[in-house]
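# Inside the fold
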Amino acid sequence: MALYMVQKMSSGVLPAITYYRKQSGPHPSHEESGAFTTDATNAYANTNTIAVALVEAGTYKSGQGVPTGGTTELI
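On a predicted model such as this, the values are computed, not experimentally measured, just so you know.

## What to know about the overall build of the chain
If you tally the helices and strands in the chain, you get 1 helix and 5 strands. Taken against the 2.2 N^0.38 rule, which gives 11 Å for 75 residues, the C-alpha radius of gyration of the chain at 12 Å falls within 12% of a compact globule. Along the first, second and third principal axes, the C-alpha atoms of the chain reach 35 × 25 × 15 Å. A burial count over the chain gives 32% of its 75 residues as buried. In the chain, the share of contacts with a sequence separation of at least 24, taken over all contacts with a separation of at least 6, comes to 65%. In the form shown here, the chain has an accessible surface area of approximately 4500 Å², with 55% of it arising from carbon and sulfur atoms.

## A closer look at the packing of aromatic side chains
Applying the stated criterion across every chain, the model contains 2 aromatic pairs. Aromatic pair tyrosine 4 and tyrosine 20: ring centres 5.6 Å apart, planes at 70°, arrangement edge-to-face. Residue tyrosine 4 is located in strand E1 (residues 4–11), and its partner tyrosine 20 is located in strand E2 (residues 14–22); the two are separated by 16 residues in the primary sequence. The residues tyrosine 4 and tyrosine 20 share a single accessibility class, namely buried.

## Some remarks on the pattern of salt bridges
Applying the stated criterion across every chain, the model contains 1 salt bridge. Here aspartate 39 makes a salt bridge to arginine 21, at a shortest N to O gap of 2.7 Å. Placement of aspartate 39 in helix H1 (residues 30–48) and of arginine 21 in strand E2 is noted, with a sequence separation of 18 residues between them. Assessed through its relative accessible area of 33%, aspartate 39 is described here as partly exposed.

Cut-offs and rules
- Residues numbered from 1 in each chain as written.
- Predicted model: local features only at pLDDT ≥ 70, side-chain atom pairs only at ≥ 80, totals over all residues.
- Heavy atoms only, no water.
- Helix = DSSP H or I, 4+ residues; strand = E, 2+ residues; numbered from the N terminus.
- Rg over C-alpha atoms; globule rule 2.2 N^0.38 Å.
- Buried < 20%, exposed > 50% of the residue type's maximum accessible area, 1.4 Å probe, protein only.
- Contact = heavy atoms within 4.5 Å.
- Areas by Shrake-Rupley, 256 points an atom, 1.4 Å probe, with all protein chains shown as cover.
- Phe/Tyr/Trp six-rings, centres within 6.5 Å; stacked < 30°, edge-to-face > 60°.
- Salt bridge = Lys/Arg side-chain N within 4 Å of Asp/Glu carboxyl O.

Structural data, given as structure tokens:
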């Protein structure tokens with residue numbers, strides 16, 4: 001089973017989006033996880049046409065399956 005990094009992004013009353021990406025191994029490096037969070041934050045800001053500073057990052061998780069429920073997006 002493939003493992004994924006998962007993180008939910010939101011901002012105020014805008015709908016939340018859970019982003020996910022396949023991780024390179026069982027324990028992603030800080031560089032890999034940091035790049036994922038940055039990419040997810042930027043994707044959410046671009047999708048909603050808001051400033052990156054307004055994005056609220058949820059809890060980062062690794063070693064997850066593909067998220068279900070709500071709005072999800074592979075990045």
